Each structure stands twice: as C-alpha cells, then as structure tokens.
Amino acid sequence: MKKFMMALLLATTLNQASAQSVTIRDVFRQMPDSLMPYLSKNNRLDFIDFLDSGMKAEVKNQLGGTSEMIALADDSLTIRMNPSLKTDMLLMDSTVVLIETFTVDSIYGQSRVHYFTTAWQPVAAPQLTEAQRQRINRFEMQNILKRDDELLNKR
C-alpha cells in the first residue's frame, strides 16, 4: 500500500510539474491551422526558429502577403498578420487568450478576445483573476494606441 501511495504521489507531482512547464511556444506549435488560417504549421515553426536565430521573423502567409512575429516571450507572443490585423496570444495558467485587433486607417480599432485550453478547446467563460483581466485589457488598449501612434508618425 505504501508503494502504491508513493507512486500515486510521484505521478501527481510529475503531472503538475509538466502542466506548469507549458510555454506559449508549445501551445503555438500545436495550434490548429483552422484558428489562424493565415499561417500554416510550417509558418508558425519558422517564426520561432527565425527569432531564436536572431533573424527577422517574417513569412509569406497563406494569402500571399507577409506576416511578422514581432514579439515572443514564455507566456506571450505578438504577430502582425497584415497591416490591418494584429494577433496577440497570452498564456495564463491553463488558459490561452487569443486577442485579434482589427484596425483601419483611422484612429479606431476593434479587438476580439477568444479563450482556449492549452489543447485548443474553446472556453466560454474562464476563471480569471482581476490581474489577468487587466492584463488582457492592457493588450487590447495597447494594440489600438500603438496603431494610432504608428499612423500619426507616418504623416
């Protein structure tokens, strides 16, 4: 019985450790193509390889345009799909937050937020802390404000 309990405790500990070691890279690699039709799995892998090599992470997307990964951290990434669409992914515990920000040549932008498990199953209403909600809100506003700043600096 003691051996069984020790084995169960060890299995539980290893399971928790492996769940905590998931990074946004792992989740992004496993993302279904249907959730980001602009990019193939090879495009996503190329983004990571290019950034790891210190190169500009730019690929030709499925629509014939150019997409660029402009930021990659352990728990977040940012991709400019085209001049009008920017995508941010955040890893918050076992929830993946996908923020798509659509902009036009004006001062307005609109963000859509989607929630998934790390296995890419949709989540309707995840349990988020107040700090996590504020982080998502900052990303939404940052995208709109950054786009406005880029537009103003081009004129």
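Residues numbered from 1 in each chain as written. Predicted model: local features only at pLDDT ≥ 70, side-chain atom pairs only at ≥ 80, totals over all residues. Heavy atoms only, no water.

### Remarks on the confidence of the model for the chain
Any residue range with low pLDDT should be treated as having predicted coordinates unsuitable for detailed reading. When pLDDT is averaged across the chain, the result is 81; 75% of the residues are at 70 or more. Highest mean pLDDT in the chain belongs to strand β1 (residues 58-60) (96); lowest belongs to helix α1 (residues 2-20) (47). Segment residues 4-19: pLDDT under 50, and 0 contacts once partners within four positions in sequence are set aside and those in other chains are kept. (pLDDT = per-residue confidence, 0-100. Helix = DSSP H or I, 4+ residues; strand = E, 2+ residues; numbered from the N terminus. Contact = heavy atoms within 4.5 Å.)

### Considering the packing of aromatic side chains
This model, assessed by the stated rule, comprises 1 aromatic pair. Seen from their ring centres, F116 and W120 are 5.2 Å apart, and the 55 degrees between their planes marks the pair as tilted. In terms of burial, F116 and W120 fall into one category: buried. (Phe/Tyr/Trp six-rings, centres within 6.5 Å; stacked < 30°, edge-to-face > 60°. Buried < 20%, exposed > 50% of the residue type's maximum accessible area, 1.4 Å probe, protein only.)

### Describing the sheet that holds strand β2 (residues 66-72)
What the 6 strands build is an open sheet, ordered β1-β2-β3-β4-β5-β6; its pairing is antiparallel. Strand pairing shows two members of the sheet lacking a second neighbour, β1 and β6 (109-117), which therefore form its edges. Ignoring strand direction, the axes of neighbouring strands in this sheet form an average angle of 20 degrees. As judged from the 3 bridges shared by β1 and β2, these two strands associate in the antiparallel manner. (Pairing = 2+ DSSP bridges. Axes fitted to C-alpha atoms, helices over the stretch in contact; angles between N-to-C directions.)

### Observations regarding the pattern of salt bridges
This model, assessed by the stated rule, comprises 7 salt bridges. With a closest N to O distance of 3.5 Å, R29 and D26 form a salt bridge. One end of the pair, R29, and the other, D26, are both in helix α2 (residues 24-29), 3 residues apart, so they sit about a helical turn from each other. Given the relative accessible area of 33%, D26 is considered partly exposed. Put simply, R133 and E130 hold a salt bridge, and the shortest N to O gap is 2.7 Å. Of this pair, R133 and E130 both sit in helix α4 (residues 130-154), 3 residues apart, which is roughly one turn of that helix. (Salt bridge = Lys/Arg side-chain N within 4 Å of Asp/Glu carboxyl O.)

### Considerations on the environment of L85
The topology assignment puts L85 in strand β4 (residues 85-92). On the basis of relative accessibility, which here comes to 9%, the residue L85 falls in the buried class. Considering only alpha carbons, one finds L85 and T103, 18 residues apart in sequence, at a separation of 6.5 Å. Beyond its immediate sequence surroundings of up to four residues, L85 is in contact with Y38, I79, R80, E100, T101 and F102.

### As for helix α3 (residues 41-52)
An ideal rise of 1.5 Å per residue puts 16 Å on 12 residues; α3 measures up with 17 Å between its terminal C-alpha atoms. All of the buried residues along α3 are N43, R44, F47 and I48. For α3, the arc enclosing every buried residue in end-on projection is 140 degrees, short of the 170-degree limit, so these residues lie on one face. At the exit of α3 stands G54, carrying a positive phi of roughly 80 degrees. (Expected span 1.5 Å × (residues − 1). Arc of directions from axis to C-beta.)

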